[in-house]
Amino acid sequence: MKPIEFLVTYDVATDTVAGRRRLRRVAKVCEGFGQRVQKSVFECVLSEGDLARLTERLRREVGVKEDSLRIYRLREPRGEFLVVIGRDVPFDIHDAIVV
């Protein structure tokens, strides 16, 4: 099955030391699955299995009462539905990600 493109966004409460740790852990998990395009936004190309692994790992890191995390499926072809205003992050979402 063809990999699917997703957008992962998060807002982690950082008003405590524990929140700042969660933020770093959430970012680290996302870095293992995709490309950061903004501070708390990642574009990911995932199989259904990778999506399940990413979701499970993020569930373990996010504070469900104080944080917010969203995963959006992107429409294909990406270039037809993407509008960038300002600085673009130059990468090909289909290239392999080296961690």
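Cut-offs and rules
- Residues numbered from 1 in each chain as written.
- Predicted model: local features only at pLDDT ≥ 70, side-chain atom pairs only at ≥ 80, totals over all residues.
- Heavy atoms only, no water.
- Helix = DSSP H or I, 4+ residues; strand = E, 2+ residues; numbered from the N terminus.
- Buried < 20%, exposed > 50% of the residue type's maximum accessible area, 1.4 Å probe, protein only.
- Contact = heavy atoms within 4.5 Å.
- Areas by Shrake-Rupley, 256 points an atom, 1.4 Å probe, with all protein chains shown as cover.
- Core = buried A, V, L, I, M, F, W, Y, C linked by side-chain atoms within 4.5 Å.
- Pairing = 2+ DSSP bridges.
- Axes fitted to C-alpha atoms, helices over the stretch in contact; angles between N-to-C directions.
- Expected span 1.5 Å × (residues − 1).
- Salt bridge = Lys/Arg side-chain N within 4 Å of Asp/Glu carboxyl O.
- Arc of directions from axis to C-beta.

**Some remarks on the overall build of the protein chain**
Part 1 of the reasoning: Of regular secondary structure, the protein chain possesses three helices and four strands.
Part 2 of the reasoning: If you list the helices and strands of the protein chain from N to C, you get β-α-β-β-α-β-α.
Part 3 of the reasoning: Here the protein chain, with 99 residues, has 31% of them falling under the buried criterion.
Part 4 of the reasoning: Sequence-distant contacts in the protein chain: of pairs separated by 6 or more residues, those separated by 24 or more amount to 69%.
Part 5 of the reasoning: Here the protein chain has roughly 7,000 Å² of accessible surface; of this, 51% comes from carbon and sulfur atoms.

**Focus: the nonpolar core**
Part 1 of the reasoning: Formed by 17 residues in total, the largest nonpolar core has its most connected members in V8, Y10, V26, C30, L46, L54 and L58.
Part 2 of the reasoning: Looking at this core, the elements that each hand over two or more residues are β1 (4-11), α1 (17-31), β3 (41-46) and α2 (48-61).

**A closer look at the sheet that holds strand β2 (residues 34-38)**
Part 1 of the reasoning: Strand order in the open sheet made by the four strands is β2-β3-β1-β4, with antiparallel pairing throughout. Pairing within the sheet leaves two strands with one partner each, and these edge strands are β2 and β4 (68-73). Neighbour-to-neighbour, the strand axes of this sheet turn through a mean angle of 25°, independent of strand direction.
Part 2 of the reasoning: The pairing of β1 with β4 spans six bridges and is classified as antiparallel. Paired with Y10 across the two strands is L69, which belongs to β4.
Part 3 of the reasoning: The sheet strands contacting α1 are β1, β2, β3 and β4, and the helix crosses β1 at an angle near 170°.

**So, α2**
Part 1 of the reasoning: For α2, spanning 14 residues, the distance from its first C-alpha to its last is 20 Å, which sits close to the expected 20 Å at 1.5 Å a residue.
Part 2 of the reasoning: Each element contacted by the buried residues of α2 is listed here: β1, α1, β3 and β4.

**Digging into the pattern of salt bridges**
Part 1 of the reasoning: Evaluation of the coordinates by the stated rule reveals five salt bridges.
Part 2 of the reasoning: Put simply, E61 and R25 hold a salt bridge, and the shortest N to O gap is 2.5 Å. Remark: R25 occurs in helix α1 and E61 occurs in helix α2; sequence separation between them is 36 residues.
Part 3 of the reasoning: Between E31 and R36 there is a salt bridge whose closest N-O contact spans 3.1 Å.
Part 4 of the reasoning: Residue R36 is classed as partly exposed on the basis of its relative accessible area of 30%.

**Observations concerning α1**
Part 1 of the reasoning: Here α1 contains 15 residues, and its C-alpha end-to-end distance of 21 Å stays within 8% of the 21 Å for a straight helix at 1.5 Å per residue.
Part 2 of the reasoning: Every buried residue belonging to α1 is among G19, R22, V26, A27, V29 and C30, and all of these are buried. Projected onto a plane normal to the axis of α1, the buried residues spread over an arc of 160° and lie on a single side. With respect to the buried face of α1, the exposed residues turned more than 90 degrees away are R24 and K28.
Part 3 of the reasoning: Residues of α1 that are buried in the fold lie against β1, β2, β3, α2 and β4.

Purely geometric stuff here, so don't read any function into it on its own.
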